[in-house]
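Listed below, chain by chain, are the residues.
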Amino acid sequence: MLSIALAGKPNAGKSTFYKAATMADVDVGNYPFTTIDANRGVSHVRTECPCLDREERCGDDNCRDGKRYVPVELIDVAGLVPGAHEGRGLGNQFLDELSTADVILNVVDASGGTDAEGEPVEVGEHDPVEDVHFVEEEMDLWLASIVERNWESIERQSRSPDFKLDESLADMLAGVGASELDVARTLRDLEYPEDPIAWTDEHREALATEIRQRTKPLVVVANKADIAPDGNIEALQEAADVVVPATADGELALRNAAQAGVIDYDPGDPDFDIVGDVSDQQREGLNRIRGVMEEYGGTGVQGALDTAVYDLLDHLTAYPVQNETHWTDGQENVLPDAFLLRQGATPKDLAYAVHSDIGDGYIHAVDARENRRISDETELEEGSVIKIVSDAN
Ligand SMILES: Nc1nc2c(ncn2[C@@H]2O[C@H](COP(=O)(O)OP(=O)(O)OP(=O)(O)O)[C@@H](O)[C@H]2O)c(=O)[nH]1
Ligand SMILES: [Mg+2]
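Residues numbered from 1 in each chain as written. Chains lettered and ligands numbered in written order. Predicted model: local features only at pLDDT ≥ 70, side-chain atom pairs only at ≥ 80, totals over all residues. Heavy atoms only, no water.

### Things to note about the coordination of the magnesium ion (ligand 2)
- Protein coordination of the magnesium ion (ligand 2) is provided by Ser15 (OG) and Thr35 (OG1), with donor distances spanning 1.9 to 2.1 Å. Here Thr35 lies in the loop between helix H1 (14-22) and strand S2 (39-48) and Ser15 lies in helix H1, a separation of 20 residues in the sequence. Grouping residues by exposure puts Ser15 and Thr35 together as buried. (Donors = N, O, S within 2.8 Å, 3.2 Å for Na, K, Ca; no water. Helix = DSSP H or I, 4+ residues; strand = E, 2+ residues; numbered from the N terminus. Buried < 20%, exposed > 50% of the residue type's maximum accessible area, 1.4 Å probe, protein only.)

### Observations regarding the environment of Asp115
- Within the secondary structure, Asp115 sits in the loop between strand S5 (103-109) and helix H3 (130-157).
- Asp115 gets classed as partly exposed once you look at its relative accessible area, which sits at 23%.
- When sequence neighbours within four positions are dropped, the list of residues in contact with Asp115 reads Lys9, Val121 and His126.
- Within the structure, the side chain of Asp115 is placed 2.9 Å from the backbone nitrogen of Glu117, a separation counted as a polar contact. (Contact = heavy atoms within 4.5 Å. Polar contact = N/O pair within 3.5 Å; in protein donor to acceptor, adjacent residues only side chain to side chain.)

### Quick look at the nonpolar core
- Among the nonpolar cores identified, the biggest contains 39 residues, and Phe17, Leu105 and Leu335 are the most heavily contacted of them.
- Put simply, the parts of the chain that give this core at least two residues each are strand S1 (3-7), H1, strand S4 (67-76), S5, strand S6 (218-223), helix H10 (301-312) and strand S10 (315-321).
- The greatest single-element share of this core, amounting to six residues, is contributed by H10.
- Counting contributing residues per domain, this core is built from domain 1 (3-126 + 217-310) and domain 3 (318-390), each supplying no fewer than three. (Core = buried A, V, L, I, M, F, W, Y, C linked by side-chain atoms within 4.5 Å. Domains from an automatic or database assignment.)

### Description of the sheet that holds strand S11 (residues 339-342)
- Pairing in this open sheet of five strands is mixed, and the strands run S11-S10-S14-S12-S13 from one edge to the other. What marks the edges here is a single partner per strand, and that holds for S11 and strand S13 (372-374). Adjacent strand axes in the sheet meet at a mean angle of 45°, parallel and antiparallel pairs treated alike.
- Summarising the sheet, strand S12 (residues 362-367) and S13 pair through three bridges and their orientation is antiparallel. In the sheet register, Ala365 faces S13, and the bridge partner there is Ile374.
- Here H10 sits on the sheet in contact with S10 and S11, set at roughly 85° to S10.
- The strands touched by helix H11 (residues 347-354) within the sheet are S10, S11, S12, S13 and strand S14 (384-390), with S11 carrying the most contacts at an inclination of about 135°. (Pairing = 2+ DSSP bridges. Axes fitted to C-alpha atoms, helices over the stretch in contact; angles between N-to-C directions.)

Written out as structure tokens, the structure is:
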């Protein structure tokens, strides 16, 4: 499963985001370091279900009237403060928790109502732009310290006649989610001495930064948009490449209200309808959230997850089926599974995503939308419905 981590300074709203996105019961509080141990749970990205091209909707939990929710892992870690890589705040051990993540949501308090350490201050007092880059810097320095720690071993290995720098680095960096390809591409873009003994701290830091950028792309979540002073969101949008304005608190309220049957709302909808009895106070609260949604096209929680997976990681959703006519599995469930794959993935990649035995036994694939056999090199698209013929079937 793809893994998305929430990072950022304390008190920015990471756990609120996590709670809203997973509906798990976790602690939220208006003080730094509410979260100590990481929370891991299942959330979803939202896309259009292929059933929209058929007469009937799927009618299961993952598809609400054609809105398809595809599972991803979400990780909520302790707040990060400047100097965390050296052990400040809750230290660097939780930076390790980020190592398994494919993409990071950097949750920023766009209201400027918390200082650099996450202590409450007047709204607007702190400049949230300062909180954008330190997260990247801490991650870079943390990675650099891992490289540094392991360098002696690389130097030792370099004495062997069949030493290859890229292979040794790939071994070392596998633990932070870097593939051989990531290492190869990074080395291609860097200037560095052939002999590891001649590497300086600057070389190692440059390597760490490049690897981090490649393996941990970042979305800035401009949270607390509901109380952010004018201009703060725009300033954040200028400071970072990918910024999603959000109200995690608002999303949590909507999901709770939807669960209670008070409103009609599916995560990621741009608006909601009030369908149950509400007090004047509740109506006022809901309308305040509506105001933020009108401005930004939704609460931003679902939007941030979708942006991370579909835009930054450039993934697509593919649907394996056993029956190419009815788009069902062996139990007649319509479109039972959805897999997130990199753009450029082929039917065989989908087969392996389903199960390694199906991948090993892959014979050919059928495009169920067109009901015809497709070549092994066909690149899947968003919404591809594929029957895999495998001798492991
Ligand atoms: N106004 C507003 N407040 C929010 C929003 N999201 C979270 N908060 C509040 O911000 C405070 C901190 O929220 P948490 O979710 O505990 O923050 P955190 O980032 O997990 O904090 P640590 O675990 O301490 O690192 C709480 O008082 C939340 O209610 C939002 O969208 N708008
Ligand atoms: Mg927390």
